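The primary structure of each chain is shown beneath.
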Amino acid sequence: MLAVHLAFFYFTKLQEDPTKKVDRFLYAMRYRDEQLNDISARFQAEMKKGLSSDSNAAASVKMLPTHVCSTPDGTETGQFLALDLGGSKFKVLQVKVRQGKGIRTGGVDMEEKIYPIPKELLSGRGSELFDHLSESLKDFLHKKNISVVKKHPLAFTFSFPCEQSSLDQGLLINWSKHYRVRGLQGKDVVKTLREAIDKTGGMDVEVLAMVNDTVATMMTCGFDDRYCEVGLIIGTGTNACYMEELRHVDMVEGDEGRMCVNTEWGAFGDDGALNDYITDFDREVDAASNNPGKQIFEKMVSGMYLGELVRLVVLKMAKRGLLFDGYVSDALKTKGKITTAQVASMEQYKYGLKNTRNVLMELDLTPSFDDCVAVQHVSTIVSFRSSNLVAATLAAILSRIKQTRNLRKLRITVGVDGTVYKTHPQYAKRLHKVVRRLLPECHVRFVLSDSGSSKGAALVTAVAQRLTSRRHQVDETLSPFRLSKDQLLLVKTRTMRGLEEGLTSKVYSSMKMLPSFVYHTPDGTEHGKYLALDLGGTNFRALLVYFKNGNSRSYHKIYTIPLEIMQGTGEELFDHLAQCIGDFLDYMGVKNAHLPTGFTFSFPCEQTAIDMGKLVSWTKGFKATDCEGHDVVNMLREAIKRRNDFDLDIVALVNDTVGTMMSCAYEDPQCEIGLIVGTGSNVCYMEELKNVEKIKLQTGKMEGDAENSRMCINTEWGGLGDDGSLNDIITSYDTEVNHDSINPGKQRFEKLTSGMYLGEVVRQVLLDLTRRGLIFRGHVTEALKRPGIFQTKYLSQIESDRLALLTVRTILQELGLDSTCDDSIIVKEVCGAVSRRAAQLCGAGMAAVVDKIRENRGLDHLNISVGVDGALYKLHPHFSRVIQETSRVLAPRCNVTFLPSDEGSGKGAALVAALAKQKHD
């Protein structure tokens, strides 16, 4: 009975599918998806280690910065020479790049010549190898009749690991593939090439860029596909590069934009990270290589080793009697007898088995049909493992891009080159399928590089030239916004002159210097219940404020002012305000209280008393008719009378700047200045009453002790420059904004500094840069043509240090602007230049105010506080710091403290009403 069972078992084994025994023999090379995800996670960890300056030295995956910071956009142009050294061939090329939308419109023409490298040079001295490269270049110039007198920019594709500190410098880390050249490790290969060119002589060549072949592949494919941000090589060697967020590349200074990182992933596993995935066959290949313990991943996947892996597997199976009836030929024992090209031929769909038989017969073997099937399956498993490993590590790169850019879905293109990918009949299809299975949330396109890495190297040079030219033009455009200290001192001087001239009515002044009839700041004794009204922009606010024992509490409600009301009739505007007030009094249950009221009215008014003021002119987009020249307090009283359902005791008219000063002075007795930087821009301060000559001219008398009393003056500094005094710093973009405003020629300083206009200044700059083809691919969208589309709030969002450039792109996309990473950097730079100038101008103006106060009081040094309000000051990430820095530098004898107002000018209006009530009582 036992004999029967043994006979049956032996018979079934004889009948077994030959692929099954291969599957059992090579089970360790067949990966499940969870294993691939594990490998992917391990590679992501290695990438992080390589990017960090703290762990890079110990990292096996070096993540080398390439200093390539932009992919092609189709506007590149020029004629370049290119050298390509990396595999068994050395190429010299002439590359002509014509401006267009990619090579499909004839953007790139190339001529090339292949020069063989003598075998002895691959293990000879470095100087000899580079002399050969230089002599080949000279021969190419001669044979192609290329002028040797004219200077030629040259790009150098060098497909070995290098540490680059710039685009045209690279220290060789180590040789790979079959190169073992002496005397170059740790040396600058670009410098070596330049020296060889000089030694050869007779050429005027400038080496502008050194590029890894993987980077060059990405650039080649990126010329036609702007989504191409990953390069992949699977050939003699293997490697990948991708565009990493610069803020994560510790080895390079800066955090704006992206930089291509050459992963050098062939070394993945050199630190043991893949030990549990390495088979005995991998260990044998590694031990027999010319660099044992190095490039472990490359030895598992690249074309230099796949054929040898298949040979070792077949040899071992034969020795165990699983193939060829146990026969082992001398040829099968010989290293290198099975090539990767033969592996590819064995996996051909139609002739694979026939090719397998031919390969085995060349090894002096007499294979059976089952032997051929089994060996073909060995080739399949070895090459499939290679594509699986590449898919896992590529998935790690794509996942990292998706994560660092905070995307729910990623659309990206991978540029690919290499003989294994190109010639193996199944490799590409398997790789694509596994990558898409591992990353279902990513839309990944694979593009085959049609021109190798040489064109890419030339494109790197072309892109570098384009970026240099664009950088120069953008700097030139923004230079008028970058004010020097001398220019700011001139602004300070002109502001000081405007302050002094405005205090008298003897001469014209663009700064109105309006008396507020507020003589004191609060002292904490204020008490009672007050109503405060606040009109200053698109909102109207009503507040009920209680003061008691130096403390306050308030309740408020905000009402919108529709555009048709802002620009309708004066009667409609004030009727709307009266309606809002009535609603608020109902809401608070105080409609019959006849409350003392302070009215914050944030527009230039000429006051002759604390509760009287004629509107000088509308600002901030208001154009209500029949208001200018009229007493706005009286207009509000008339509107309340028309309603006839409540009454108020309006005891004070207050500018919002004055209200802000009063509100902060309630907390800090040193606060004697108010600053608003929001929709509009203005400042007020406590001036010596004796200097306010226009009071006497207006009222015929001086109130109080003229030697000691002070009055808060509303400077209305937004009008500075209306007399042309700022023409030397006003740009063409400011002129456009002024021309298109509702009050051309007026409020010139405000149009340089306030939230109502900064976004529009930015839009004008972006429009100009786009028309000149410097951003947005030169495409002027309808949105970009639309005035007001670029709101000032976007400046605060775009300039936030916490925001990645992807968020900047999202904001631009919301505006219908399809931007690249480079576009986003320039947009952020424009926003920064415009907002910084605004803050510096405010700082220069503040320096004039505090120095005037110091001089008024005959002090060598002044300590003073400024109450500040306004969205631009409060919300912009850098505005407040720049104002403070500028005022400190321009007024070094003043110690100025800036106090953000928590409750705005409404509480200040209530305090002015309290002071007016106390004085009246």
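Shown above is the structure to which this text applies.
For clarity, every value in this text was computed on a predicted model and none was experimentally measured.

Chemist: It is not clear to me how the overall build of the protein chain should be interpreted in this structure. Could you clarify?
Modeler: Looking only at helices and strands, the protein chain has 31 helices and 26 strands in total. The C-alpha atoms of the protein chain give 38 Å as radius of gyration, which overshoots the globular expectation for 921 residues (29 Å, by more than 25%). The principal-axis extent of the C-alpha atoms belonging to the protein chain is close to 125 × 85 × 50 Å. The buried share of the protein chain, reckoned over its 921 residues, is 60%. Restricting to contacts in the protein chain with at least 6 residues of sequence separation, those with at least 24 account for 71%. Surface accessibility of the protein chain: about 37600 Å² in total, with carbon and sulfur atoms responsible for 49%. Treating the 115 positive side-chain charges of the protein chain as one cloud and the 115 negative ones as another, the clouds have centres 6 Å apart.

Chemist: What should I look at first to understand the nonpolar core in this one?
Modeler: Here is a general trend for soluble globular proteins: nonpolar side chains tend to be buried in one another's company. If you look at the biggest cluster of nonpolar residues, it comprises 113 residues, and the most contacted ones within it are Ile 673, Leu 675 and Phe 790. It is helix 28 (residues 821-856) that provides the largest number of residues to this core, a total of 18 residues. Setting aside residues up to four positions removed in sequence, Ile 673 forms contacts with Met 661, Val 683, Cys 684, Tyr 685, Met 846, Val 849, Val 850, Ile 853, Ile 864, Ser 865, Val 866 and Gly 867. Core analysis: the second largest hydrophobic core is formed by 88 residues, Ile 278, Met 317, Phe 324 and Tyr 427 among them.

Chemist: Looking at this structure, how should I read the environment of Ser 835?
Modeler: For Ser 835, the location among the structural elements is in helix 28. Separated by 466 residues in the primary sequence, Ser 835 and Phe 369 have C-alpha atoms spaced 78 Å apart. Ignoring anything within four residues of it in the chain, the contact list for Ser 835 reads Leu 758, Leu 795, Glu 799, His 876 and Phe 879.

Chemist: Help me understand the side chain of Thr 66 in this model?
Modeler: As for its position among the elements, Thr 66 is in the loop between strand 1 (64-65) and strand 2 (78-85). Polar contacts involving the side chain of Thr 66 include one to the main-chain amide nitrogen of Val 68, which spans 3.1 Å. Here the side chain of Thr 66 touches Cys 260 through a polar contact of 2.6 Å, landing on its backbone oxygen. Residue contacts for Thr 66: discarding those within four places in its chain leaves Gln 164, Leu 167, Val 215, Met 259, Cys 260, Val 261 and Asn 262.

Chemist: Would you explain the pairing of strand 3 (residues 89-97) in this entry?
Modeler: In the case of a regular strand, side chains alternate between the two sheet surfaces. Along strand 3, 7 of the 9 residues are buried, which leaves the element largely enclosed by surrounding structure. In this structure, strand 2 lies alongside strand 3, joined through 8 bridges in antiparallel fashion. Bridging from a neighbouring strand, Leu 85 pairs with Phe 90 of strand 3. Note: strand 3 against strand 4 (residues 108-116), 9 bridges, orientation antiparallel.

Chemist: Explain the sheet that holds strand 8 (residues 205-211) here, please?
Modeler: The strands making up a sheet associate through backbone hydrogen bonding, with each pair oriented either parallel or antiparallel. Here 5 strands make up an open sheet; going across it, the order is 4-3-2-5-8 and the pairing mixed. At either end of the open sheet lies a strand with only one pairing partner, and these are strand 4 and strand 8. Going across the sheet, the axis of each strand differs from the next one's by a mean of 20°, ignoring polarity. With 5 bridges joining them, strand 2 and strand 5 (residues 152-158) adopt parallel strand pairing.

Chemist: Looking at this structure, I do not really get the side chain of His 876. What am I missing?
Modeler: Its location among the elements puts His 876 in the loop between helix 29 (871-875) and helix 30 (879-890). Polar side-chain contacts of His 876 include one of 3.3 Å to the side chain of Ser 835. What His 876 contacts, discounting residues up to four positions off in sequence, is Leu 795, Ser 796, Glu 799, Ser 835 and Ala 871.

Chemist: Explain the packing of aromatic side chains to me, please; I cannot follow it from the model alone.
Modeler: One pair of aromatic rings is described through two measures. These are the centre distance and the angle between the planes. Within the structure shown, the criterion is met by 26 aromatic pairs. On the numbers, 5.8 Å between centres and 70° between planes, the contact of Phe 43 with Trp 265 is edge-to-face. With Phe 43 in helix 3 (residues 33-51) and Trp 265 in the loop between strand 11 (258-262) and helix 7 (280-288), the pair connects residues that are 222 residues apart, well separated along the chain. Exposure remark for Phe 43: the relative accessible area of 0% places this residue in the buried category. For Trp 265, a relative accessible area of 0% corresponds to the buried category. With 6.2 Å between their ring centres and 85° between their planes, Phe 130 and Phe 156 make a pair best called edge-to-face. On the criterion of sequence distance, the pair formed by Phe 130 in helix 4 (residues 126-143) and Phe 156 in strand 5 is long-range, its members being 26 residues apart. The same class applies to Phe 130 and to Phe 156, which are both buried. Taken together, Phe 130, Phe 156, Phe 158, Phe 160, Trp 175 and Tyr 179 form an aromatic cluster joined through their ring pairs. The ring of Tyr 546 is capped by Arg 553, whose NZ or CZ atom sits 4.5 Å from the centre of that ring. We note Lys 557 situated over the ring of Tyr 587; from NZ or CZ to the ring centre the distance is 4.6 Å.

Chemist: I tried to follow the environment of Glu 284 on my own but got confused; where do I start?
Modeler: Following the sequence through the fold, Glu 284 ends up in helix 7. For Glu 284, a relative accessible area of 42% puts it in the partly exposed group. Taking the C-alpha atoms as reference points, Glu 284 and Leu 312, separated by 28 residues in sequence, lie 8.3 Å from one another.

Chemist: How do you make sense of the sheet that holds strand 22 (residues 671-677) when you look at a structure like this?
Modeler: Taken in spatial order, the 6 strands line up as 14-24-23-22-25-26 in an open sheet, and their pairing is mixed. With one partner strand each, in any of the chains shown, strand 14 (514-515) and strand 26 (894-900) form the two edges of the open sheet. For strand 23 (residues 681-688) and strand 24 (residues 710-714), the ladder comprises 5 bridges, and the chain directions are antiparallel. Across the sheet, residue Tyr 685 finds its bridge partner in strand 24, namely Ile 713. Along the sheet, helix 20 (residues 656-665) makes contact with strand 22, strand 23, strand 24, strand 25 (862-869) and strand 26, crossing strand 22 at roughly 130°.

Chemist: Would you mind showing me how to read helix 7 here?
Modeler: Residues of helix 7 that are buried: Phe 281, Asp 282, Val 285 and Asp 286. An end-on view of helix 7 places all buried positions within 135° of arc, on one side of the element. Those residues of helix 7 that are buried lie in contact with helix 2 (18-25), helix 8 (296-301), helix 9 (303-319) and helix 12 (369-404).

Chemist: Would you mind showing me how to read the pattern of salt bridges here?
Modeler: Opposite charge on two side chains permits them to pair, given that their charged atoms come into close proximity. Under the criterion given, the structure shown has 59 salt bridges. Across the salt bridge formed by Asp 225 and Arg 445, the nearest N and O atoms sit 2.5 Å from each other. A residue pair is termed long-range when its members are at least 10 positions apart, and Asp 225 in the loop between helix 6 (213-222) and strand 9 (228-234) and Arg 445 in strand 13 (residues 442-448) qualify at 220 residues. Relative accessible area serves as the criterion here: at 9%, Asp 225 is assigned to the buried category. According to the relative accessible area criterion, Arg 445 is partly exposed, its value standing at 40%. Through salt bridges with shared partners, one network takes in Glu 229, Glu 245, Arg 247, Arg 258 and Arg 405.

Chemist: Can you walk me through the pairing of strand 11 in this structure?
Modeler: Most of strand 11 sits out of view: 5 of its 5 residues are buried. Here strand 1 runs beside strand 11; their pairing, made up of 2 bridges, is antiparallel. In the sheet register, Leu 64 faces strand 11, and the bridge partner there is Asn 262. Relative to strand 11, strand 10 (residues 238-245) is paired through 5 bridges, and the arrangement is antiparallel.

Rules of the game
Residues numbered from 1 in each chain as written. Predicted model: local features only at pLDDT ≥ 70, side-chain atom pairs only at ≥ 80, totals over all residues. Heavy atoms only, no water. Helix = DSSP H or I, 4+ residues; strand = E, 2+ residues; numbered from the N terminus. Rg over C-alpha atoms; globule rule 2.2 N^0.38 Å. Buried < 20%, exposed > 50% of the residue type's maximum accessible area, 1.4 Å probe, protein only. Contact = heavy atoms within 4.5 Å. Areas by Shrake-Rupley, 256 points an atom, 1.4 Å probe, with all protein chains shown as cover. Lys, Arg positive; Asp, Glu negative; His and termini not counted. Charge placed at Lys NZ, Arg CZ, Asp CG, Glu CD. Core = buried A, V, L, I, M, F, W, Y, C linked by side-chain atoms within 4.5 Å. Polar contact = N/O pair within 3.5 Å; in protein donor to acceptor, adjacent residues only side chain to side chain. Pairing = 2+ DSSP bridges. Axes fitted to C-alpha atoms, helices over the stretch in contact; angles between N-to-C directions. Phe/Tyr/Trp six-rings, centres within 6.5 Å; stacked < 30°, edge-to-face > 60°. Lys NZ or Arg CZ within 6 Å of the ring centre and 35° of its normal. Arc of directions from axis to C-beta. Salt bridge = Lys/Arg side-chain N within 4 Å of Asp/Glu carboxyl O.

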